[in-house]
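Structural description and commentary
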Amino acid sequence: MPQLVKRAIVFIAALAIVACTKDSTDEPGADDAYTATPLPLKAPALFGQLLPVPTIPADNPQTVEGVALGKKLFFDPILSADNTLACADCHKPANAFTDSRQFSIGITGSPGFRNSMPLYNFAWNSSQKFNWDGSATSLEKQAFEPLRNPVEMNNTWPNAVASLQDDGEYPILFEAAFGTQTIDSVKVTKAIAQFLRTLVSGNSKFDRHLLGLETLTESEQNGFEIFMDESRGDCFHCHGDRNNPLWTDNSFHNNGLDSEFADPGLGGVTGDPQQMGLFKSPSLRNLAYTAPYMHDGRFQTLEEVIDHYSEGLVYSPTIDPLMKTVAEGGVQLSVQEKADLKAFLLTLSDPEFISNPDFQQ
Amino acid sequence: MRTFALLALAALTLVSCKDVDEDIPLRTLNFTQNWDGEPFSQADLATTAFVNENNDTLDISRLRYLISKVRLENSKGTVFQLDDYQLVDVSNENSLTVTPSAYIPNGTYTMTFVYGFDQQDNIDGAYPDLNSVGWSWPDMLGGGYHFMQMDGTYDLDAAIPKPYNFHNGTARVSNGVFEANHISFSIPEVRVRGRGIIEIQMNIAEWFRMPYTWVLDDYNTSLMPNYEAQKLMNENGASVFAVVTE
């Protein structure tokens, strides 16, 4: 009985809230009164089946007009201080939206200190922590930073907003996306984040293999088994498995690169000494296009990466216990095992993603 | 103005809703960890040293485990579901508490739960939230999910401590032959009353104690494909959990 009463009251409260929202949408002129055309996120079949529902902030729904605007901004150098550098210059479509240079060069000509990151499958990032060190806690917040980073676009928000506002085209595009011609940093980052969320990669050879559309070669299959075998590669604890098509655990680890850290990684953000030298486990999708590898782009080839795990591990106090063979330098793979592991890793690359016309300038 | 009034009304109804609630016990299911009574929490990860039954010194840098089918049954046979499954991750405070949606009256119950997933629930790939956090158990070892992942180092006085990966799940007898490895608990006379807090406690030290005194030099890493190690964990697990209510 008491539960029934409670139910009824909750129902009334819900009604009242519905009534409120109905009311306010009728008001003309208000920003949130305007709704652009909804654009549902396209999820690959395997994602829908295996992964939690994508994270899209309630205050920034995907829309046709928002995504189109975000795309234009992403490829436009107008956001940089001297109009020379676009997001896309360090996040190139042909490289799965990362940079083939070890360190990208900002507008002042000085390099950054981390390797750029590929951009895809953001809505499924279960930790919603971005950057190598997890310093950004949403895509909207991430998009706020590069513009004013001195080694990237070296601009200020007031300056960038003024350039956009003075432009012949942008105010109209912002009106279509957000219902107002008045541009601000929040709307810029919202539009970019919407575009970034459309960058979905889910059609690799391995995906098609899981869907029964393609078979792996013997070498690729062996490589997958090495990847999944705790006594051999043991890669899956951090980099996903066939039930985790993101190919990352969305978490942070020290994978034994250095004995001392030039870059504190996650520890620099949290201040926790136990987290010094921890970096985000990168997704292993699209490795064919994303060299060089690691947070500082130290490895040019996948062979070097595999050699690292096989015999190059270095001890430091925060090394992950999953790097269990550090005393022997690594998991000691044979030449054949290394070749098979590499063949498997390459089946996670998605040629359709890098040539998708929706993602080109 | 009108919006305001409606909001006020909504607020009022919510407030009165709370008044009505006063005599409805709101239950909380907590998962806590301890080492022989010393609470173990996030701050202890990778920092606090312990000595196990075999006198090995060790630390724990990651501790995650799965508890499923948490239920209370009263003397009339009515069953109340507290939780379907919960991945407890000591590094994530949100994972340590669950508020059951069922209304549970005060009373004395038999509480049942499963450490890990039983065969019915241990379905490969079936749980999206578990898939995306690296919790799957490899297909070649029977598939499904991990039941526990405890990682850390031992021999702490050595220049370089040795790693251990205490991972538990389905046991592989031989190629293609697997054995279920969960543990079902049934705890009689659980009295739910007062603040309505129900706590499932894990005494981590017990994993290393009984009946098998765990020797980390014998069993440390690559334990997932190791049938003996998997069964020893299962046996030692029987004395690991306790339930208290408050």
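Residues numbered from 1 in each chain as written. Chains lettered and ligands numbered in written order. Predicted model: local features only at pLDDT ≥ 70, side-chain atom pairs only at ≥ 80, totals over all residues. Heavy atoms only, no water.

Focus: the environment of A:Glu304
Residues and elements named next belong to chain A.
- Structurally, Glu304 can be placed in helix H13 (residues 302-311).
- Assessed through its relative accessible area of 31%, Glu304 is described here as partly exposed.
- Non-local contacts of Glu304, meaning those with residues more than four positions away in its chain, are made with Arg298 and Phe299. (Helix = DSSP H or I, 4+ residues; strand = E, 2+ residues; numbered from the N terminus. Buried < 20%, exposed > 50% of the residue type's maximum accessible area, 1.4 Å probe, protein only. Contact = heavy atoms within 4.5 Å.)

Here we look at the pattern of salt bridges
- All chains considered together, the criterion is met by 31 salt bridges over all chains.
- The partner of A:Lys72 in a salt bridge is A:Glu169, and the shortest N-O contact between them spans 3.7 Å. Remark: A:Glu169 occurs in the loop between helix H6 (157-166) and helix H7 (170-178) and A:Lys72 occurs in helix H3 (residues 64-74); sequence separation between them is 97 residues.
- The structure contains a network of salt bridges with shared partners spanning B:Asp36, B:Glu53, B:Glu206 and B:Arg209. (Salt bridge = Lys/Arg side-chain N within 4 Å of Asp/Glu carboxyl O.)

Considering the domain arrangement of chain A
All names here are of chain A.
- Here the domain parsing of chain A yields domain 1 (3-200) and domain 2 (205-353).
- Distance between the C-alpha centres of domain 1 and domain 2: 29 Å.
- Domain 1 puts 35 residues into the contact, and the matching count from domain 2 is 30 residues.
- In terms of surface lost to domain 2, no three residues of domain 1 exceed Leu46, Tyr120 and Trp132, which account for 26% of the buried area on that side.
- Counting across the domain 1 and domain 2 interface gives 1 salt bridge.
- Close ionic contact of Arg114 with Asp263 constitutes a salt bridge, the shortest N to O distance being 2.7 Å. (Domains from an automatic or database assignment. Buried area = accessible area lost by both parts, 1.4 Å probe.)

With respect to the packing of H3(A) against H7(A)
All names here are of chain A.
- Interhelical geometry of H3 versus H7 gives an angle of 145 degrees and a closest axis separation of 7 Å. You can see that H3 and H7 cross each other, and the crossing is left-handed. Between H3, through Glu65, Gly66, Leu69, Lys72 and Leu73, and H7, the contact on the second element is made entirely by Tyr170, Leu173, Phe174, Ala176, Ala177 and Phe178.
- Here the contact of H3 with H7 is composed, by residue class, of 8 nonpolar, 1 polar and 2 charged. (Axes fitted to C-alpha atoms, helices over the stretch in contact; angles between N-to-C directions. Left-handed = near helix turned anticlockwise from the far one by under 90°. Nonpolar A, V, L, I, M, F, W, Y, C, P; charged D, E, K, R; others polar.)

Here's the deal with the packing of aromatic side chains
- Overall, the coordinates contain 42 aromatic pairs over all chains when judged by the stated rule.
- Summarising the aromatic geometry, the rings of A:Phe174 and A:Phe178 are spaced 6.3 Å apart at their centres and angled 35 degrees between planes, so their arrangement reads as tilted. Taken together, the residues A:Phe174 and A:Phe178, both in helix H7 and 4 residues apart, mark about one turn of the helix. Neither A:Phe174 nor A:Phe178 differs from the other in exposure class; each is buried.
- Between B:Phe117 and B:Tyr145, the ring centres sit 5.9 Å apart and the planes meet at 70 degrees, which makes this aromatic pair edge-to-face. With B:Phe117 in the loop between strand E7 (107-115) and helix H2 (128-131) and B:Tyr145 in the loop between H2 and strand E8 (148-154), this pair connects stretches of sequence that are 28 residues apart. Each member of the pair, B:Phe117 as well as B:Tyr145, is classed as buried.
- It is A:Lys72 that lies over the ring of A:Tyr170; its NZ or CZ is 5.0 Å from the centre. (Phe/Tyr/Trp six-rings, centres within 6.5 Å; stacked < 30°, edge-to-face > 60°. Lys NZ or Arg CZ within 6 Å of the ring centre and 35° of its normal.)

Digging into the environment of A:Gly330
All names here are of chain A.
- Following the sequence through the fold, Gly330 ends up in the loop between H13 and helix H14 (335-346).
- A sequence separation of 37 residues divides Gly330 from Tyr293, and the C-alpha atoms of the two residues are 18 Å apart.
- Residues within four places of Gly330 in sequence aside, it is in contact with Tyr309, Ser310, Glu311, Leu313 and Thr325.

Let's talk about the pairing of strand E13 (residues 197-203) of chain B
Residues and elements named next belong to chain B.
- Across the 7 residues that make up E13, a large majority, 6, are buried.
- Pairing of strand E1 (residues 28-35) with E13 involves 7 bridges; the strand directions are parallel. Across the sheet, Thr32 pairs through a bridge with Gln201, a residue of E13. (Pairing = 2+ DSSP bridges.)

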